[in-house]
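Structure at a glance
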Amino acid sequence: QGGRLIQITPVTTGKPQTPTPTGAFKVLKKLSPYVFRSPHQPGHPEYYEPSPVNYAVKFTSRGHYLHDAPWRPNGAYGYGTNTLHPDSDVMFRQGSHGCVNIPLEATKTFWAWIRLGDVVRVVAN
């Protein structure tokens with residue numbers, strides 16, 4: 001902002017089956033708290049239980065958000081966390097369903113700073 005970096009944090013993006021879209025998007029909604037509900041029925045490979053979060057910022061009309069992810073331990077963010085690690089079949093070591101998962105403290109800062117209509121740029125790494 002004004003030529004200054006506000007924040008840098010590791011994140012987790014969509015797994016290969018449900019990738020996070022890249023590009024420039026406008027912030028459509030800010031919700032706090034929020035509960036994500038699967039669009040799929042139980043038994044579907046992409047079904048998940050209702051998942052409450054503290055902060056959610058919607059950036060696509062298809063339902064992609066930037067949000068905290070209470071189910072992820074602090075070390076489960078960053079490079080490589082969007083694919084299943086060969087040494088682990090634990091869910092939090094896989095990517096998201098297309099959202100951008102952000103550690104809680106970083107999400108609090110982001111939430112306070114961002115406004116409706118601001119541009120969010122999602123880039124491939």
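That block above? That's the structure.
Residues numbered from 1 in each chain as written. Predicted model: local features only at pLDDT ≥ 70, side-chain atom pairs only at ≥ 80, totals over all residues. Heavy atoms only, no water.

Some details on the pattern of salt bridges
- Scanning the model with the defined rule gives two salt bridges in all.
- One salt bridge in this structure joins Glu105 and Lys108, with 3.2 Å as the shortest N-O distance. Of this pair, Glu105 and Lys108 both sit in helix α1 (residues 104-113), separated by three residues, roughly a single helical turn.
- A relative accessible area of 53% places Glu105 in the exposed class.
- Since its relative accessible area comes to 34%, Lys108 is described here as partly exposed. (Salt bridge = Lys/Arg side-chain N within 4 Å of Asp/Glu carboxyl O. Helix = DSSP H or I, 4+ residues; strand = E, 2+ residues; numbered from the N terminus. Buried < 20%, exposed > 50% of the residue type's maximum accessible area, 1.4 Å probe, protein only.)

Quick look at the packing of aromatic side chains
- One pass over the structure, following the stated rule, counts five aromatic pairs.
- Taking the centre distance of 5.3 Å and the plane angle of 65° together, the rings of Phe25 and Phe59 count as edge-to-face. Of this pair, Phe25 sits in strand β1 (residues 23-26) while Phe59 sits in the loop between β5 (56-58) and β6 (65-68), and the two are 34 residues apart along the sequence.
- Ring centres of Tyr34 and Tyr65 lie 5.5 Å apart, and the angle between their planes is 25°; on these two criteria the pair is classed as stacked. (Phe/Tyr/Trp six-rings, centres within 6.5 Å; stacked < 30°, edge-to-face > 60°.)

Section: the environment of Glu46
- Take Glu46: it is sitting in the loop between β3 (34-36) and β4 (51-53).
- Accessibility expressed as a relative area gives 13% for Glu46, which makes it buried.
- Discounting residues that sit within four places of it in the chain, Glu46 has contacts with Lys15, Gln17, Thr18, Ser38, His40 and His97. (Contact = heavy atoms within 4.5 Å.)

In short, geometric facts, not functional conclusions.
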